[in-house]
There are 2 protein chains.
Amino acid sequence: MPAPAPRADREPLSRARVLDAAVVLADAEGLGALTMRRLAGELRCEAMSLYHHVADKNALLDGLAEVVVGEIAEACLDPGATAGSLDWRDVVRRRCLAARTVMHRHPWAPGLIAARSQPPPTVYPLFEALVATMVEGGCGYPLAHRAIHSLGSMLLGFTQELFEPAVDDEQARDEAAQDLAPTMPHLAHLAEVAVHEARGSLGICDTQAEFEFTLRLILDGLEAHRITR
Amino acid sequence: MPAPAPRADREPLSRARVLDAAVVLADAEGLGALTMRRLAGELRCEAMSLYHHVADKNALLDGLAEVVVGEIAEACLDPGATAGSLDWRDVVRRRCLAARTVMHRHPWAPGLIAARSQPPPTVYPLFEALVATMVEGGCGYPLAHRAIHSLGSMLLGFTQELFEPAVDDEQARDEAAQDLAPTMPHLAHLAEVAVHEARGSLGICDTQAEFEFTLRLILDGLEAHRITR
DNA sequence: TGAAGGATTCTTACGTTGTAAGGTTGACCT
DNA sequence: AGGTCAACCTTACAACGTAAGAATCCTTCA
């Protein structure tokens, strides 16, 4: 097995280093400034060298979404963020606020994530933790599921079909759920429930129903404020 | 004054025709397929001809956002959409659903609108109508204002600072509010109220407070569902 | 009738982008 | 010493947005 052959005269490139530099560049000058040549310049290499660490520009953007959502997940799951919270609402609330401060550092992120067809896999630990908190708080899986949809825009900055096209193939979906089970037990369970509820899995939720649910939630909340004002 | 000089042998171009073709193209093949040359091809002209009707590609995208939001506003304000509604919530609910069906036809729209720094002016009639409905429903301007923020993602597909950078200059803001007054009385009034409430106008809301308000709305609504399940 | 004038459209050209193809380098293992 | 292979660079090309200016066409007035 050949060992890696880093040059002695400078830090070798790597997927992580490329993505980190891309995030820094996008933060500083926006997504528009993120070109392969410019990014290479920041890393003191040539554009084509980047292609050894990311497949192409699209993969680079996928990676960016992954990194940012990962940052959000990390911030949300930091125990310090929710220390001393008793109510499940308080935990979820603080997590959403933590997500927001991360998004604030990367204003280009919502648009980027929204543009990808699939949310990056780094959302799963976050959703898993949220569902866990809610279920332990007595919400039950169906409500926790709806909550994830309702909170989507608070966590990632946009609404609209969080899990849209995904997989049409039913068997592939079942396998995906199986893969999820060991590390994401709540999400796996939620997927099962969703199958019975909306004839879809994580991949195919009844987004219309979810939309209407969230809408009613907001309107009813506003009505309550109107009455007690 | 020279009259327009359209060619006899074919329909002349126009800003509206360019934008319409751009919407059709984006709907069919996505925003990525929307290039000046390609769009020109659809219109059976050369790329450079487009520049007489839109300043540049960025202006084209601005125009696209304008058209889509205009479509949304039109669908929402269609009296048929809200006929027979007594409750203000029902009116607003139906408008949001109408907005959603329009967005469904233009899946690229939320990302596009979110990417522009300012929402297109075609939102104003929509917001005006929503505020009017809510105020007449007994909500009061402060609550109607919050409602617009809370409903942002239900109407346009994304959250996150609907009116972000806008104008720093205080005088310019006052003038903008003046211009609004004749056609958008409720929005103009709302802007005044916002100045006192959050030390900002339409241009500078306390987005953090709005975010937290919406978040609590959703969480409290979910909690109510938990209890009564 | 026809020439001017001005809006519209097209031609050509340039710089920048993403990336395919293939050459070069240098650390490691025999 | 020489071979191997990942990492990296050079060159090249098609497609993009768009600047500059020529060509085209309708209108208007002489």
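Residues numbered from 1 in each chain as written. Chains lettered and ligands numbered in written order. Predicted model: local features only at pLDDT ≥ 70, side-chain atom pairs only at ≥ 80, totals over all residues. Heavy atoms only, no water.

(A) Spatial organisation of the overall build of chain A. Within chain A one finds 11 helices and zero strands. Ordered by position from N to C terminus, the α and β elements of chain A give α-α-α-α-α-α-α-α-α-α-α. Within the span of chain A, comprising 229 residues, buried residues form 49% of the whole. In chain A, of all internal contacts separated by at least 6 residues, the share reaching a separation of at least 24 is 68%. For chain A, the accessible area works out to roughly 11300 Å², and carbon and sulfur atoms hold 53% of it. (Helix = DSSP H or I, 4+ residues; strand = E, 2+ residues; numbered from the N terminus. Buried < 20%, exposed > 50% of the residue type's maximum accessible area, 1.4 Å probe, protein only. Contact = heavy atoms within 4.5 Å. Areas by Shrake-Rupley, 256 points an atom, 1.4 Å probe, with all protein chains shown as cover.)

(B) Broad picture of the relation of the copies chain B and chain A. Once turned by 180° and shifted 0.0 Å along the axis, chain B lies on chain A with an RMSD of 0.1 Å. The superposition operator between the copies reduces to a two-fold rotation axis. Within chain B, Phe158(B) has its C-alpha nearest the rotation axis, a separation of 1.9 Å. A share of 100% of interface residues in chain B that are also interface residues in chain A marks the association as one of identical surfaces. (Least-squares fit on C-alpha atoms with pLDDT ≥ 70 in both.)

(C) Region of interest: the side chain of Thr133(B). Tracing the backbone shows Thr133(B) in helix H7 (residues 123-136). Excluding anything up to four places from it in sequence, Thr133(B) contacts Trp88(B), Val91(B), Val92(B) and Arg95(B).

(D) Spotlight on the environment of Tyr51(B). All names here are of chain B. You can see Tyr51 is positioned in the loop between helix H2 (36-42) and helix H3 (57-77). Judged by its relative accessible area of 33%, Tyr51 is partly exposed. Taking the C-alpha atoms as reference points, Tyr51 and Met36, 15 residues apart in sequence, are found 9.1 Å from one another. Not counting chain neighbours up to four residues away, the residues in contact with Tyr51 comprise Met36 and Asp56.

(E) Spotlight on the pattern of salt bridges. All told, the structure shown has 20 salt bridges over all chains when counted by the stated rule. Close ionic contact of Glu66(B) with Arg15(B) constitutes a salt bridge, the shortest N to O distance being 3.3 Å. Of this pair, Glu66(B) sits in helix H3 while Arg15(B) sits in helix H1 (residues 15-29), placing them 51 residues apart in sequence. Given a relative accessible area of 34%, Arg15(B) falls into the partly exposed group. Where Arg226(B) meets Glu223(B), a salt bridge forms, and the shortest distance between an N and an O atom there is 3.0 Å. A residue pair is termed a helical-turn pair when its members lie 3 or 4 positions apart in one helix, as Arg226(B) and Glu223(B) do in helix H11 (residues 207-227) at three residues. Under the relative-accessibility criterion, Arg226(B) is labelled partly exposed at 23%. Within the structure, one salt-bridge network assembled from shared partners comprises Glu29(A), Arg38(A) and Glu42(A). (Salt bridge = Lys/Arg side-chain N within 4 Å of Asp/Glu carboxyl O.)

(F) How the structure looks around helix H3 (residues 57-77) of chain A. All names here are of chain A. In a regular helix each residue adds 1.5 Å, so 21 residues correspond to 30 Å; H3 covers 30 Å between its end C-alpha atoms and thus fits that length. All of the buried residues in H3 are Leu60, Leu61, Gly63, Leu64, Ala65, Val68, Val69, Gly70, Ile72, Ala73 and Cys76. Contacts from the buried residues of H3 go to helix H1 (15-29), helix H2 (36-42), helix H5 (88-105), helix H6 (109-115), helix H7 (123-136) and helix H8 (141-156). (Expected span 1.5 Å × (residues − 1).)

(G) Quick peek at the packing of aromatic side chains. Under the defined criterion, the tally for this structure stands at zero aromatic pairs over all chains. Here Arg146(A) stacks its cationic end above the ring of Phe213(A), 4.6 Å away from the centre of that ring. Positioned above the aromatic ring of Phe211(A), the side-chain terminus of Arg100(B) is 4.7 Å from the ring centre. (Phe/Tyr/Trp six-rings, centres within 6.5 Å; stacked < 30°, edge-to-face > 60°. Lys NZ or Arg CZ within 6 Å of the ring centre and 35° of its normal.)

(H) Spatial organisation of the packing of helix H8 (residues 141-156) of chain B against H11(B). Residues and elements named next belong to chain B. Running from N to C, H8 and H11 cross one another at 80°; their axes reach a closest spacing of 9 Å. When the interaxial angle is binned, H8 and H11 end up roughly perpendicular. Residues Leu143, His145, Arg146, His149 and Ser150 of H8 form the contact with H11, whose own contacting residues are Ala209, Glu210, Phe213, Thr214 and Leu217. A breakdown of the residues in the contact of H8 with H11 according to their chemical character gives four nonpolar, four polar and two charged. (Axes fitted to C-alpha atoms, helices over the stretch in contact; angles between N-to-C directions. Parallel < 35°, antiparallel > 145°, perpendicular 65-115°, else oblique. Nonpolar A, V, L, I, M, F, W, Y, C, P; charged D, E, K, R; others polar.)

(I) How the structure looks around the environment of Pro125(A). Along the polypeptide, Pro125(A) turns up in helix H7. Put simply, Pro125(A) and Cys76(A) are 49 residues apart on the chain and 10.0 Å apart in space, counted from C-alpha to C-alpha.

(J) Main features of H7(A). Residues and elements named next belong to chain A. The end-to-end C-alpha distance of H7, which contains 14 residues, comes to 20 Å, matching closely the 20 Å that a straight helix rising 1.5 Å per residue would cover. Counting buried positions along H7 gives 11 out of 14 residues, so the element sits mostly inside the fold. Taken as a whole, H7 has its buried residues at Val123, Tyr124, Leu126, Phe127, Glu128, Ala129, Leu130, Val131, Ala132, Thr133 and Met134. The first or second residue beyond H7 is Gly138, which carries a positive phi of 95°.

(K) Inspection of the interface of chain B and chain A at higher detail. In this complex, chain B contributes 44 residues to the contact, which on the side of chain A involves 44 residues. Buried area between chain B and chain A, both sides added, is near 4200 Å², and the carbon and sulfur share of it is 67%. Its salt-bridge partner being Asp220(B), residue Arg89(A) comes within 2.9 Å of it at the nearest N-O pair. Summed over the shared surface of chain B and chain A, the result is eight residue pairs in polar contact (both at pLDDT 80 or more). Elements represented by at least two residues in the side of chain B that touches chain A include exactly helix H5 (88-105), H8 and H11 of chain B. Classifying every residue of the side of chain B that touches chain A gives 20 nonpolar, 14 polar and 10 charged. (Buried area = accessible area lost by both parts, 1.4 Å probe. Polar contact = N/O pair within 3.5 Å; in protein donor to acceptor, adjacent residues only side chain to side chain.)

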